[in-house]
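Each chain, letter by letter, is given below.
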Amino acid sequence: MAAIEAACVAEGERMTAPRRRVLELLLTAGEPVKAYDLIARYGIDGQAAKPPTVYRALEFLERRGVVHRIASISAYVACSAQEDEVGSHAAAFLICDCCGATAEVAIPSSSLGIDVAASAVGYEIERTTIEGHGRCANCKVAA
């Protein structure tokens, strides 16, 4: 958390209390969480947050590369990359369609070839997120 806050300050941004709280919730969850579940869990005293508060925090954290949105399950997860890779790697998620287990795996963006294709048409990619659906090892064995 301290490293994230320091990076924000260095770039003229602030890690506000709502941003910090949303990140804490995602870090403690250890799994993808839907925005409305974050809204419900937001208040320390059990009081829900206003949706714009959580959505603005998620947008900021996602833009910084600290949080990833997994579109196919409409959920957010804290980035599991090493501190020096946060925000600079291609996020790839393996999602089990049987039990819902989700794992972030490291894939160098250069191996995707998308950066070369984008560059060829004058496009600069800021973030890449890949989602793979299937069965995890436990569900594959159980089937």
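Note that the coordinates shown come from a computational prediction; the quantities given were computed from them, not determined experimentally.

1. Quick word on the overall build of the protein
Argument step 1. Per the secondary structure count, the protein includes seven helices and five strands.
Argument step 2. When the helices and strands of the protein are placed in sequence order, the string is α-α-α-α-β-β-β-β-α-α-β-α.
Argument step 3. For the protein, the C-alpha atoms occupy an extent of roughly 45 × 45 × 25 Å along the three principal directions.
Argument step 4. Here the protein holds 143 residues, and 29% of them are scored as buried.
Argument step 5. Of the roughly 8,800 Å² of accessible surface on the protein, 52% is carried by carbon and sulfur atoms.

2. Quick word on the packing of aromatic side chains
Aromatic rings considered in pairs are described by the distance between their centres and by the relative angle of their planes.
Argument step 1. In total, this model carries one aromatic pair according to the counting rule given.
Argument step 2. When the ring of Tyr36 is compared with that of Tyr55, the centres are 6.3 Å apart and the planes differ by 70°; the resulting orientation is edge-to-face. Here Tyr36 is found in helix H3 (residues 35-41), whereas its partner Tyr55 is found in helix H4 (residues 51-63), with 19 residues between them in sequence.
Argument step 3. With relative accessibility at 54%, the residue Tyr36 sits in the exposed group.
Argument step 4. On the accessibility criterion, Tyr55 (35% relative accessible area) is partly exposed.
Argument step 5. Looking at Arg19, its charged tip hangs above the ring of Phe60, at a distance of 3.6 Å from the centre.

3. A look at the environment of Asp45
Argument step 1. Relative to the assigned elements, Asp45 resides in the loop between H3 and H4.
Argument step 2. Judged by relative accessible area, Asp45 falls into the exposed class, the value being 64%.
Argument step 3. For the pair Asp45 and Cys139, spaced 94 residues apart in sequence, the C-alpha to C-alpha distance is 37 Å.

4. Considerations on the nonpolar core
Argument step 1. Formed by 21 residues in total, the largest nonpolar core has its most connected members in Val22, Leu26, Leu38, Val54, Leu58, Leu61 and Val67.
Argument step 2. Mapped onto this core, the elements with two or more residues apiece are helix H2 (17-29), H3, H4 and strand S2 (75-78).
Argument step 3. The element that contributes the greatest number of residues to this core is H4, accounting for five residues.
Argument step 4. In contact with Val22, other than residues within four places in its own chain, are Leu38, Tyr42, Val54, Ala57, Leu58 and Leu61.
Argument step 5. Within the second largest apolar cluster, five residues are counted, among which are Ile70, Ala91, Phe93 and Ile95.

5. With respect to the pairing of S2
Argument step 1. Side chains Ala75 and Val77 project from S2 onto one buried face, and the interleaved Tyr76 and Ala78 project onto a second face that is buried too.
Argument step 2. Note that strand S1 (residues 67-70) and S2 share four bridges and pair antiparallel. Paired with Val67 across the two strands is Ala78, which belongs to S2.
Argument step 3. Counting the residues between successive antiparallel strands, the hairpin from S1 to S2 contains four residues, one of them, Ser74, with a positive phi of roughly 50°.

Cut-offs and rules
- Going along each chain's sequence as written, the residues are numbered from 1 onward.
- Reporting in this predicted model follows two pLDDT cut-offs: at least 70 for local features of residues, and 80 or more for side-chain atom pairs to be given and counted; totals over whole chains, interfaces and linings ignore these cut-offs and use all residues.
- The basis for the side-chain values is all heavy atoms of the structure; hydrogens and waters are excluded.
- Each helix is a run of DSSP H or I of at least 4 residues and each strand a run of E of at least 2, with the numbering of both proceeding from the N terminus.
- Partly exposed describes any residue whose relative accessible area lies between the buried limit of under 20% and the exposed limit of over 50%, with all areas from a 1.4 Å probe on protein chains only and scaled to the type maximum.
- With residues, only the protein chains shown are counted as cover, and all accessible areas are computed by Shrake-Rupley using a 1.4 Å probe.
- Pairing of aromatic rings covers Phe, Tyr and Trp, the last counted by its six-membered ring, and requires centre-to-centre distances within 6.5 Å; plane angles under 30 degrees mean stacked, over 60 mean edge-to-face, and any other angle means tilted.
- Two conditions define a charge located above a ring, namely a distance within 6 Å from the ring centre to NZ of Lys or CZ of Arg, and an angle within 35 degrees of the ring normal.
- We define the nonpolar core as a collection of buried residues of types Ala, Val, Leu, Ile, Met, Phe, Trp, Tyr and Cys that are connected through side-chain atoms lying within 4.5 Å of one another.
- A contact between two residues is defined here by any heavy atoms of the two lying within 4.5 Å.
- Paired strands are those between which DSSP finds at least two bridges.

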